[in-house]
Amino acid sequence: MDQRPVERVRTDVLVIGGGATGVAAACTAARAGLSVLLVERYGFCGGGAVAGLSGTICGLYEASDTPVTPRQLVHGFVDDFIAQMESRGGLTEPMLYGKTFTRVHEPLAWRESADALLAQAGVRVLYHALATGVHRDGDLVGGAAIWTKSGLLDVRAPITIDASGDADLLAMAGFRTWCGADGVVQNPTMIFRLQGVDTARFIAEYGHDTIMPAAVSERILAAQKGGLDLPRAKIWLFTTTRPGELLCNCTRVRGADGRELNAAIAADLSEAEPQGRAQVRAYERFFRENLAGCENAWVNDTGVQVGVRQTRQGAGTAVLRNSDVVAGSKFADGVARSPWPIELHAGSKPRVEWLLGDFYEVPYGCFVPEVGEGLLFGGRCLSAEHEAVASARVTAQCFSYGQALGVAATLAVRERRQPRAIDGREVRTELNRQGARLDD
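Computed from a predicted model, the values in this text were never measured in an experiment.

## Brief notes about the overall build of the protein chain
Across its full length, the protein chain holds twelve helices and 22 strands. A compact globule built from 440 residues should have a C-alpha radius of gyration of about 22 Å, and the protein chain, at 21 Å, falls within 12% of that. Seen along its three principal axes, the alpha-carbon backbone of the protein chain occupies a region of about 60 × 55 × 45 Å. Expressed as a percentage of the 440 residues in the protein chain, the buried residues total 59%. Residue pairs at least 24 apart in sequence account for 75% of intrachain contacts in the protein chain once pairs closer than 6 positions are excluded. Each charge class in the protein chain was averaged separately, 46 positive and 51 negative side chains, and the resulting centres sit 2 Å apart.

Structure below.
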């Protein structure tokens, strides 16, 4: 029992989680003049992009069979964030990723950019703080209990935004969530940075596509037969803003029993961390022995935590279907758009299903819980089917979700309406006014 006194705090909007969704939501609501408290468990913002070291802003550009010139389809708050990172030299130019493009960011620049935008907007930020429960009165959520080093906070807010990535607040409140396909989620990965690479030789050998060619996969499969623990043969290696460095997305973290580990389960998350670090060393050895330009390379660092692709999805008033992604569905209340492919990570080779020359939209109801008032949620835990999540979870889209949540929270607080009473078309109109260009 914690004997320290409880501090009571009131704010217009409480945001739990400082990833792309949380930062965008907090800044958008604060820019509109609302008081906003952002609670983040680490000492920095970034979520999976920084703590998980995912390292790229995926989902910005149209895909095509012959990608030559990047065509950006996603705008709004993400443009503000890109400008901040570019001003710090923390973002690469678009680089080829299969049939589309992505941009690699430097993690410290991401943290600094978030700090700057939050400060400019007037957001109060609490780092090293964790939500431990929600204040629920019937179906009304009125804030959350927050643990900090100095004691407990009793935070009351008319609107609470669950940007935890794992639908933590929905689960705490007892609202419906689900995990993957019959509980099977996409595997976590331990992303790492490799220093000491002769990147000129590396690119000369393997080309500019960051998805490695079949010849590399064949070498990995041969090394597997030789006993090296390299469970994923199709890998992605990105040059970065730093000289002599590769960002390496190549591990497949599994349980000792062969299961895809679920990071919403404490035992699974704990098992994933050492397993991921062990695989990093195996890939490091493979790269030094087999890849041009990597002969003298070494692991600079891994993510602060294992990279999480999927845990819980919140049950919303709408659900993004697998078929919506494949068909490029559009919605009158669409508040975000995505041209990103479905990327299903399971087995030694991820499955990628492209949406060419098109994009789909995510309706507002994917962020409004089917039951519960005073609460919005978003990020990779949006209301979506298993394969749809494999597209909709990426960084550019999470910025868009956050901006939409910030707009919805502003409308709710100012007009004393519940989120479910807000027409998503109102949100879309305001997003366009803010530069989201959803009707371009």
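## Here we look at the confidence of the model for the protein chain
Looking at the protein chain as a whole, its pLDDT mean stands at 96, while 99% of the residues score no less than 70. Ranking the elements of the protein chain by mean pLDDT puts strand E20 (residues 351–353) last with 79 and strand E3 (residues 36–39) first with 99.

## Details of the packing of helix H1 (residues 20–31) against helix H3 (residues 77–87)
Close contact between H1 and H3 brings their axes to 11 Å; oriented N to C, the two are set at 105 degrees. Judged on the interaxial angle alone, H3 and H1 are roughly perpendicular. From H1, Val-23, Ala-24, Cys-27, Thr-28 and Arg-31 reach across to H3, where they touch Phe-77, Asp-80 and Phe-81.

## Comments concerning the pairing of strand E21 (residues 360–363)
Side-chain direction in a regular strand flips from residue to residue, so the side chains alternate between the two faces of the sheet. Both faces of E21 are covered, namely the face carrying Tyr-360 and Val-362 and the face carrying Glu-361 and Pro-363. Two elements, strand E18 (residues 334–338) and E21, share four bridges in a ladder whose sense is antiparallel. Within E21, the position partnered with Ser-338 by the bridge is Tyr-360.

## Overview of the pairing of strand E13 (residues 192–195)
The alternating pattern of E13 places Phe-192 and Leu-194 and Arg-193 and Gln-195 on opposite faces, both of which are buried. Where E13 meets strand E16 (residues 298–302), four bridges bridge the pair, whose relative direction is antiparallel. Pairing of Phe-192 across the sheet is with Thr-302, part of E16.

## Here's the deal with the sheet that holds E3
The five strands are arranged E7-E3-E2-E11-E22 in an open sheet whose pairing can be described as parallel. Of all strands in the sheet, those bounded by a partner on one side alone are strand E7 (124–126) and strand E22 (375–377). Looking at each pair of strands side by side, their axes are set apart by 20 degrees on average, direction ignored. Of the pairings in the sheet, the one linking strand E2 (residues 13–16) to E3 comprises four bridges and is parallel in character.

## Here's the deal with helix H7 (residues 214–225)
Counting along an α-helix, one turn takes 3.6 residues, and residues three or four places apart therefore face a common direction. In this model H7 runs 17 Å from its N-terminal to its C-terminal C-alpha over twelve residues, within 8% of the 16 Å that 1.5 Å per residue would give. Those residues of H7 hidden inside the fold are in contact with helix H6 (199–206) and helix H8 (266–290). In the stretch just after H7, Gly-227 is the one whose phi turns positive, near 105 degrees.

## Thoughts on the packing of H1 against helix H11 (residues 395–415)
The N-to-C vectors of H1 and H11 enclose an angle of 35 degrees; their axes lie 7 Å apart at closest approach. You can see that H1 and H11 cross each other, and the crossing is right-handed. Along the contact surface, H1 presents Ala-20, Thr-21, Ala-24, Ala-25, Thr-28 and Ala-29, while H11 presents Thr-395, Cys-398, Phe-399, Tyr-401, Gly-402, Gln-403, Leu-405, Gly-406, Val-407 and Thr-410. Each residue belonging to the contact of H1 with H11 can be placed in one class, and the counts come to nine nonpolar, seven polar and no charged.

## Some details on helix H4 (residues 107–121)
If you check H4, its first and last C-alpha atoms are 21 Å apart, about what 15 residues at 1.5 Å a residue would give, namely 21 Å. Among the residues of H4, Pro-107, Ala-109, Trp-110, Ser-113, Ala-114, Ala-116, Leu-117, Leu-118 and Ala-121 are the ones counted as buried. One side-chain oxygen at the N-terminal end of H4 lies 3.1 Å from the backbone nitrogen of Leu-108; it belongs to Glu-106. Positive backbone phi, approximately 85 degrees, marks Gly-122, located one or two places after H4.

Definitions and cut-offs
- Residues numbered from 1 in each chain as written.
- Predicted model: local features only at pLDDT ≥ 70, side-chain atom pairs only at ≥ 80, totals over all residues.
- Heavy atoms only, no water.
- Helix = DSSP H or I, 4+ residues; strand = E, 2+ residues; numbered from the N terminus.
- Rg over C-alpha atoms; globule rule 2.2 N^0.38 Å.
- Buried < 20%, exposed > 50% of the residue type's maximum accessible area, 1.4 Å probe, protein only.
- Contact = heavy atoms within 4.5 Å.
- Lys, Arg positive; Asp, Glu negative; His and termini not counted.
- Charge placed at Lys NZ, Arg CZ, Asp CG, Glu CD.
- pLDDT = per-residue confidence, 0-100.
- Axes fitted to C-alpha atoms, helices over the stretch in contact; angles between N-to-C directions.
- Parallel < 35°, antiparallel > 145°, perpendicular 65-115°, else oblique.
- Pairing = 2+ DSSP bridges.
- Expected span 1.5 Å × (residues − 1).
- Left-handed = near helix turned anticlockwise from the far one by under 90°.
- Nonpolar A, V, L, I, M, F, W, Y, C, P; charged D, E, K, R; others polar.
- Polar contact = N/O pair within 3.5 Å; in protein donor to acceptor, adjacent residues only side chain to side chain.

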